Amino acid sequence: MNDNKLKRVLIVGGANGIGLAMANELMQRESCEKIYIVDKQPLPDGFGHAKCVFFQEDLVTSDFSLFDRFNDINTLIITAGFGKLALFEQVGQQYIADSFAVNAVAPIRIVRKFYDKMKRPDDFYCGIMVSIAGFLSSPFFAVYGATKAALKIFIESVNVELEKAGSPNCILNVSPGSIQGTAFNGNATDLSLSTPLAKEILTHLENKDDLFIPRYEEVFREVLERYHDDFRAEGRHSYEYKLQSGRIKN
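Computed from a prediction, not measured in an experiment: that's the story for all the values here.

Here we take up the pattern of salt bridges. Within the structure shown, the criterion is met by 9 salt bridges. Across the salt bridge formed by arginine 29 and glutamate 206, the nearest N and O atoms sit 2.8 Å from each other. One end of the pair, arginine 29, is in the loop between helix H1 (17-27) and strand E2 (34-39); the other, glutamate 206, is in helix H5 (residues 191-206), with 177 residues separating them in the sequence. Both residues of the pair, arginine 29 and glutamate 206, count as buried. Measuring nitrogen to oxygen at the nearest pair gives 2.9 Å for the salt bridge that ties lysine 152 to glutamate 156. Within this pair, lysine 152 and its partner glutamate 156 are both found in helix H4 (residues 142-164), separated by 4 residues, close to a single helical turn. The partly exposed category is assigned to glutamate 156, whose relative accessible area is 38%.

The next point concerns the pairing of strand E4 (residues 75-78). The alternating pattern of E4 places Thr75 and Ile77 and Leu76 and Ile78 on opposite faces, both of which are buried. The sheet contact formed by strand E1 (residues 8-12) and E4 spans 4 bridges and is parallel. The residue bridging leucine 10 from the neighbouring strand is leucine 76, located in E4. Bridge count between E4 and strand E5 (residues 125-129): 4 bridges; the pairing is parallel. Residue pairing in the sheet places isoleucine 77 in a bridge with glycine 127 of E5.

Burial runs high along H1: 10 of the 11 residues are buried. Every buried residue of H1 is accounted for by Gly17, Ile18, Gly19, Leu20, Ala21, Met22, Ala23, Glu25, Leu26 and Met27. Where H1 is buried, its residues contact E1, E2, strand E3 (52-56), E4, E5 and H5.

Here the focus is the packing of helix H6 (residues 216-229) against helix H7 (residues 231-245). Look at H6 against H7: their axes get within 5 Å of each other, and the N-to-C directions meet at 130°. Looking at the two axes, H6 sits oblique to H7. Between H6 and H7, the residues in contact are Val223, Arg226, Tyr227 and Asp229 and Phe231, Glu234 and His237, respectively.

A separate point is the environment of tyrosine 239. Looking at the secondary structure, you find tyrosine 239 in helix H7. Residue tyrosine 239 is classed as partly exposed on the basis of its relative accessible area, which comes to 31%. Sequence-wise, tyrosine 239 and isoleucine 179 are 60 residues apart; in three dimensions their C-alpha atoms are separated by 19 Å.

The next thing to look at is the environment of glutamate 240. Assignment of secondary structure puts glutamate 240 in helix H7. In this structure glutamate 240 comes out as partly exposed when scored by relative accessible area, which is 39%. When the C-alpha atoms of glutamate 240 and proline 139 are compared, they prove to be 9.2 Å apart, with 101 residues separating the residues in sequence.

The rules behind each value
Residues numbered from 1 in each chain as written. Predicted model: local features only at pLDDT ≥ 70, side-chain atom pairs only at ≥ 80, totals over all residues. Heavy atoms only, no water. Salt bridge = Lys/Arg side-chain N within 4 Å of Asp/Glu carboxyl O. Helix = DSSP H or I, 4+ residues; strand = E, 2+ residues; numbered from the N terminus. Buried < 20%, exposed > 50% of the residue type's maximum accessible area, 1.4 Å probe, protein only. Pairing = 2+ DSSP bridges. Contact = heavy atoms within 4.5 Å. Axes fitted to C-alpha atoms, helices over the stretch in contact; angles between N-to-C directions. Parallel < 35°, antiparallel > 145°, perpendicular 65-115°, else oblique.

The quantities given are spatial measurements derived from coordinates; they are silent on function.
Here's what the structure looks like:
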């Protein structure tokens, strides 16, 4: 693998989970010069490196002026996002507003900050954590899935605009199912579990792929085919699957 492309990296949401795993992986690379991490949560105790600079920022209330200072980057990775398994009737108005602010609006606004860089003929690497929930109906994830569907369409549309503008760059849509070792849904961060996926994502980013669905052949090809054939039936199947998974917290 050619690991000398991602030199000066901004990771939004890099203080835990898959973002932290990618930051940790990049820190090991001699070719990576600087890693900026922006997150609402502080970095874990003991996690630090001379290459790493941390900025604390809440994307719900941000005016996004912070992102004007990262003019030297050649890589943008956005992993910030949150969700919880709950019926729509169980979530409040603030949760809905905050979900769209962090999961959809913030990534789009941040990409806009660096869009001029992306259009240039110079290499610029950009990846966003989306979700397989953005591709199909996901009961218990109605709001979360809606935010991720917005991101999916945004990425696909902008990638066409970049191509037609003659840019060599694109946005990588990373759309996994559940990820082991992350703090999503209240779980604990465990880099030993999330690092293999982090390495895969970085490889797809360096290759300038526009879509990466982990475990596509093993799991999600069949799921997406079922959804395409009958989205109502697949929605019911998803509902029952989540109930039986033990992930629903009463």
